[in-house]
Amino acid sequence: MSQTITVRIPDEMRNKLEELSKAEHKPVSDLVRNSLRRYISIYKFRQLRNMTLPFAESSGILTDDDEVLALARDSARLNKEDALMEW
């Protein structure tokens, strides 16, 4: 079910939304809805990241680069195990 909400925004923001709406050929409501959807997704991601951060840190994963390297190592290990299982 759809709900209607009213939000107060500055005139300048409304003008920019109108310009963007015309440039993108999309209704303002679609732009706002997509922005809210993205904000909620980012919020959920940050919550999950904060929950898993202590586990990552205890495993020596302190940066995004550490995470990428760990994923690459795990992927290579799994590929090697898969190859061995085929024999």
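Residues numbered from 1 in each chain as written. Predicted model: local features only at pLDDT ≥ 70, side-chain atom pairs only at ≥ 80, totals over all residues. Heavy atoms only, no water.

S.K.: Can you help me understand the packing of helix H1 (residues 11-24) against helix H2 (residues 28-58) in this one?
M.R.: The relative placement of two packed helices comes down to the angle between their axes together with the axis-to-axis distance. For the pair H1 and H2, interaxial distance at closest approach is 9 Å and the crossing angle is 105°. By the angle between their axes, H1 is roughly perpendicular relative to H2. Contacts between H1 and H2 involve Arg 14, Leu 17, Glu 18, Leu 20 and Ser 21 from the first element and Val 28, Leu 31 and Val 32 from the second. In the contact of H1 with H2, the residues fall into 5 nonpolar, 1 polar and 2 charged. (Axes fitted to C-alpha atoms, helices over the stretch in contact; angles between N-to-C directions. Helix = DSSP H or I, 4+ residues; strand = E, 2+ residues; numbered from the N terminus. Parallel < 35°, antiparallel > 145°, perpendicular 65-115°, else oblique. Contact = heavy atoms within 4.5 Å. Nonpolar A, V, L, I, M, F, W, Y, C, P; charged D, E, K, R; others polar.)

S.K.: Honestly, the side chain of Ser 21 in this entry has me stumped. Any pointers?
M.R.: Considering the arrangement of structural elements, one finds Ser 21 in helix H1. If we skip the residues at most four places from it in the chain, Ser 21 touches Lys 26, Pro 27, Val 28 and Leu 31.

S.K.: Where do I start with the environment of Asp 66 in this structure?
M.R.: Within the secondary structure, Asp 66 is located in helix H3 (residues 64-86). Spatially, the C-alpha atom of Asp 66 lies 9.5 Å from that of Ala 56, the residues being 10 residues apart in sequence.

S.K.: Is there a simple way to think about unusual backbone geometry in this case?
M.R.: As a rule of thumb, non-glycine residues mostly have phi less than zero, and peptide bonds are mostly trans rather than cis. The phi torsion at His 25 lies on the positive side, around 55°, for a residue other than glycine. Position of His 25 relative to the elements: it lies in the loop between H1 and H2.

S.K.: Explain the pattern of salt bridges here, please?
M.R.: Two side chains with opposite charge may pair up if their charged atoms get near one another. Inspection of every chain in the model, using the stated rule, returns 2 salt bridges. In this structure, the salt-bridge partner of Glu 18 is Arg 14, at a minimum N-O distance of 2.6 Å. One end of the pair, Glu 18, and the other, Arg 14, are both in helix H1, 4 residues apart, so they sit about a helical turn from each other. Residue classification places Arg 14 among the partly exposed residues on the basis of a relative accessible area of 40%. Salt-bridge contacts for Arg 33 lead to Asp 30; the nearest nitrogen and oxygen are separated by 2.6 Å. Taken together, the positions of Arg 33 and Asp 30, both in helix H2 and 3 residues apart, correspond to about one turn of that helix. Given the relative accessible area of 42%, Arg 33 is considered partly exposed. Accessibility expressed as a relative area gives 27% for Asp 30, which makes it partly exposed. (Salt bridge = Lys/Arg side-chain N within 4 Å of Asp/Glu carboxyl O. Buried < 20%, exposed > 50% of the residue type's maximum accessible area, 1.4 Å probe, protein only.)

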